[in-house]
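Now for the letters of each chain:
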Amino acid sequence: MSWEGVTEFVAVVETHSFTAAANRLGVSVAHISRQVSTLEQRLATRLLYRTTRKVSVTEAGQLYYRHCRPLLDGLREAEQALSQAQDRPTGHLRITAPVYYGEQVIAPLLHRYLQAQPSVSAELNLDNRKVDLVADGYDLGIRLGPMDESSLMVRQLGSRTHHVCASPGYLAQFGEPHTLAELKHHQCLVGTLNAWRFKDAEGRTHEIGVTGRMRCNSGAALVDAALRGLGLVQLPDYYVRAHLSSGRLRSLLGAYTLTDGIWANTPRNHFVPLKVQGFIALLAESL
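Description of the structure in this document. (Residues numbered from 1 in each chain as written. Predicted model: local features only at pLDDT ≥ 70, side-chain atom pairs only at ≥ 80, totals over all residues. Heavy atoms only, no water.)

1. Considering the nonpolar core
Consideration 1: Judged by nonpolar contacts, the single largest core of 35 residues is most densely connected at Leu93, Ile106, Leu140, Ile142, Phe279 and Leu283.
Consideration 2: Per-element accounting of this core gives the leading share, 6 residues, to helix H5 (residues 99-116).
Consideration 3: In terms of nonpolar packing, the next biggest core, distinct from the first, is built from 17 residues, Val10, Ala11, Val55 and Cys68 among them. (Core = buried A, V, L, I, M, F, W, Y, C linked by side-chain atoms within 4.5 Å. Buried < 20%, exposed > 50% of the residue type's maximum accessible area, 1.4 Å probe, protein only. Helix = DSSP H or I, 4+ residues; strand = E, 2+ residues; numbered from the N terminus.)

Shown next as structure tokens:
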């Protein structure tokens, strides 16, 4: 039996691309193509259909993939168990996190961790999409908000509070909303969602549709718009904390403030390596 080509084949199936598989494994596209071709020759079976535009998996390839994926998971767990036995964090740590939170919070903590653990290297990919940790080969995902994925091991690291804010100049001109119903009379700075979420004193959640002159998928840009008096904005505390402290923004509708979670997610493996455990411990302590 030979492992030659198996890792490359699995990466192509999971990324749907020879180029993406090469990026994941840190090798050339030519290497991926050569290894997969060698594997197909050894098995005397076509595993993949290749065209200039896409890669698809044959029926035989799907069968082979279903058997290979658990084998690679077992090999990874064996290496993780060996790392555990060494009693110190080692290896390469792959992390995904949302863009702004990753830049402002996760990256500085990761830098501290790397300073303290010289045998660990890391890759931090910032993406607001909900990536598949297993298929994309991540050790750890940082996610924000409600969490309901049973396929992952989940640990709550902390919480975040969503503030509705406005500049003193905007409030002087248009007044302050005191109820959720009054939001329809205000210019709201809209992000990726058309509704803002709130929780009342009885713990009931409310979703209120909002509209306004400005829409943007960047929280930092919406903060700037709010500072310039263009409207109300609802954002998590890490976007607006400094501006609330300085008085450049005021927090509104405090009776309806919503708080939700900050989470560490890992694949459901039998072994969580020390490199992951150690970083999660730092996050939990810091957050």
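2. Brief notes about the side chain of Arg69
Consideration 1: Residue placement: Arg69 occurs in helix H4 (residues 59-85).
Consideration 2: A polar side-chain atom of Arg69 sits 2.7 Å from a polar atom in the side chain of Glu14. (Polar contact = N/O pair within 3.5 Å; in protein donor to acceptor, adjacent residues only side chain to side chain.)

3. Describing the packing of helix H2 (residues 18-25) against helix H3 (residues 29-43)
Consideration 1: Packing of H2 against H3 brings their axes to within 8 Å, and their N-to-C directions diverge by 105 degrees. In terms of orientation, H2 lies roughly perpendicular with respect to H3. Residue-level inspection shows Phe18, Thr19, Ala21, Ala22 and Leu25 of H2 in contact with H3, the latter providing Val29, Ile32, Ser33 and Val36.
Consideration 2: In the contact of H2 with H3, the residues fall into 7 nonpolar, 2 polar and no charged. (Axes fitted to C-alpha atoms, helices over the stretch in contact; angles between N-to-C directions. Parallel < 35°, antiparallel > 145°, perpendicular 65-115°, else oblique. Contact = heavy atoms within 4.5 Å. Nonpolar A, V, L, I, M, F, W, Y, C, P; charged D, E, K, R; others polar.)

4. Notes on the pairing of strand E11 (residues 258-267)
Consideration 1: Most of E11 is tucked away: 9 of the 10 residues are buried.
Consideration 2: Where strand E5 (residues 140-144) lies against E11, 4 bridges are found, and the strand directions are antiparallel. Bridge assignment links Leu144 to a residue of E11, and that residue is Ile262.
Consideration 3: With 10 bridges connecting them, strand E6 (residues 152-166) and E11 associate as antiparallel partners. Bridged to Gln156 within E11 is Trp263. (Pairing = 2+ DSSP bridges.)

5. Re the side chain of Asp260
Consideration 1: Its location among the elements puts Asp260 in strand E11.
Consideration 2: Relative accessible area serves as the criterion here: at 11%, Asp260 is assigned to the buried category.
Consideration 3: Here Arg160 takes part through its side chain, which lies 2.7 Å from a polar atom of the side chain of Asp260.
Consideration 4: Look past the residues within four positions of Asp260 in its chain and what remains in contact with it is Gly145, Pro146, Gly158, Ser159, Arg160, His162 and Arg197.

6. Regarding the packing of helix H1 (residues 6-15) against H2
Consideration 1: Running from N to C, H1 and H2 cross one another at 120 degrees; their axes reach a closest spacing of 8 Å. By the angle between their directions, the pair H1 and H2 is classed as oblique. Crossing of H1 over H2 shows right-handed handedness. Here H1 contributes Thr7, Glu8, Ala11, Val12, Glu14 and Thr15 to the contact with H2, which in turn contributes Phe18, Ala20, Ala21, Arg24 and Leu25.
Consideration 2: Of the residues that constitute the contact of H1 with H2, the class distribution is 6 nonpolar, 2 polar and 3 charged. (Left-handed = near helix turned anticlockwise from the far one by under 90°.)

7. What to know about the pattern of salt bridges
Consideration 1: Within the structure shown, the criterion is met by 14 salt bridges.
Consideration 2: The salt bridge partner of Asp73 is Arg69, with a shortest N-O separation of 3.0 Å. Of the two residues, Asp73 and Arg69 are both situated in helix H4; the distance of 4 residues between them amounts to about one turn of the helix.
Consideration 3: Look at Asp73 and you get partly exposed, because its relative accessible area is 26%.
Consideration 4: Residue Lys275 pairs with Asp139 through a salt bridge whose shortest N-O separation is 3.9 Å. Here Lys275 is found in helix H9 (residues 274-286), whereas its partner Asp139 is found in the loop between strand E4 (120-126) and E5, with 136 residues between them in sequence.
Consideration 5: Note on Asp139: relative accessible area 7%, which makes it buried.
Consideration 6: Here the salt bridges do not stand alone but share partners, grouping Glu14, Arg24, Arg69 and Asp73 into one network. (Salt bridge = Lys/Arg side-chain N within 4 Å of Asp/Glu carboxyl O.)

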